[in-house]
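# Inside the fold
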Amino acid sequence: MKQPQPRVLVVNRDPEVLRVISNILEREGFNITSANSTADALTNVATGNFDVVIVDNLSGNNDEVEIVRQGRLRAPTLKVLYLYDHYARHDGEPDLDSCVVAPIRVREIVGCTWELYYRGT
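This text gives an overview of the structure that appears in the document. In this text, all values refer to a predicted model and were calculated from it rather than measured experimentally. Starting from 1, residues in each chain are numbered consecutively following that chain's sequence as written. It should be noted that, the model being predicted, local features are given only for residues of pLDDT at least 70 and side-chain atom pairs only at 80 or more, the latter also being counted only at that level, while totals for whole chains, interfaces and linings use all residues. Side-chain figures throughout are based on the complete set of non-hydrogen atoms in the structure, without hydrogens or water.

### Remarks on the pairing of strand β2 (residues 31-35)
Two strands qualify as a pair provided that DSSP identifies no fewer than 2 bridges between them. Starting at the N terminus, helices and strands are each numbered in turn, a helix being any DSSP run of H or I of at least four residues and a strand any DSSP run of E of at least two. Pairing analysis gives five bridges linking strand β1 (residues 7-11) to β2, with the strands arranged parallel. By the bridge assignment for β2, R7 is matched with N31.

### Some points on helix α3 (residues 63-74)
Every α-helix carries 3.6 residues per turn, so stepping three or four residues along brings you back to the same face. With 12 residues, α3 extends 17 Å from end C-alpha to end C-alpha; this agrees with the ideal 16 Å at 1.5 Å per step. Within the span of α3, buried status applies to D63, E64, I67, V68, G71 and R72. Down the axis, α3 shows its buried residues gathered within 170 degrees of arc, on one side only. Expected helix span is computed as 1.5 Å times (number of residues minus one). Type-normalised accessible area, obtained with a 1.4 Å probe on protein chains alone, sets the label of each residue: buried when under 20%, exposed when over 50%, and partly exposed for intermediate values. Picture the helix axis, draw a direction to every C-beta atom, and the arc is the one those directions span.

### Regarding the side chain of N12
You can see N12 is positioned in the loop between β1 and α1 (15-27). In this structure N12 comes out as buried when scored by relative accessible area, which is 4%. Two N or O atoms count as a polar contact when they lie within 3.5 Å, although within protein this holds only if one can serve as hydrogen donor and the other as acceptor, and sequence-adjacent residues are included solely when both atoms are side-chain atoms. A polar contact of 2.9 Å, which involves the side chain of N12, links it to the backbone nitrogen of D14.

This is the structure we're talking about:
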């Protein structure tokens, strides 16, 4: 029996980073949706059914918090992988969230995404 593909929303303001992360995760078996702005991400979380959202600090003003808040209104157990370009205090939900600090390695993002997907199952 074929395993379902985990549905992942990747949100990043940098089109190259968005493309690379999306391609890496797609090759690993994830079903990827991409968004390069807060508006696109909010539309996607409002209409999609994601297992994991991967989000960076889009504008420096915590837009990712609103993306996660809206996503969890639809799916309270939505899991989130935060990407940071420097160490930052992370006050998320310990059972649902994780974070990765740059430089981001392929194995790290793949492993963290799978770990989040299976966390709590």
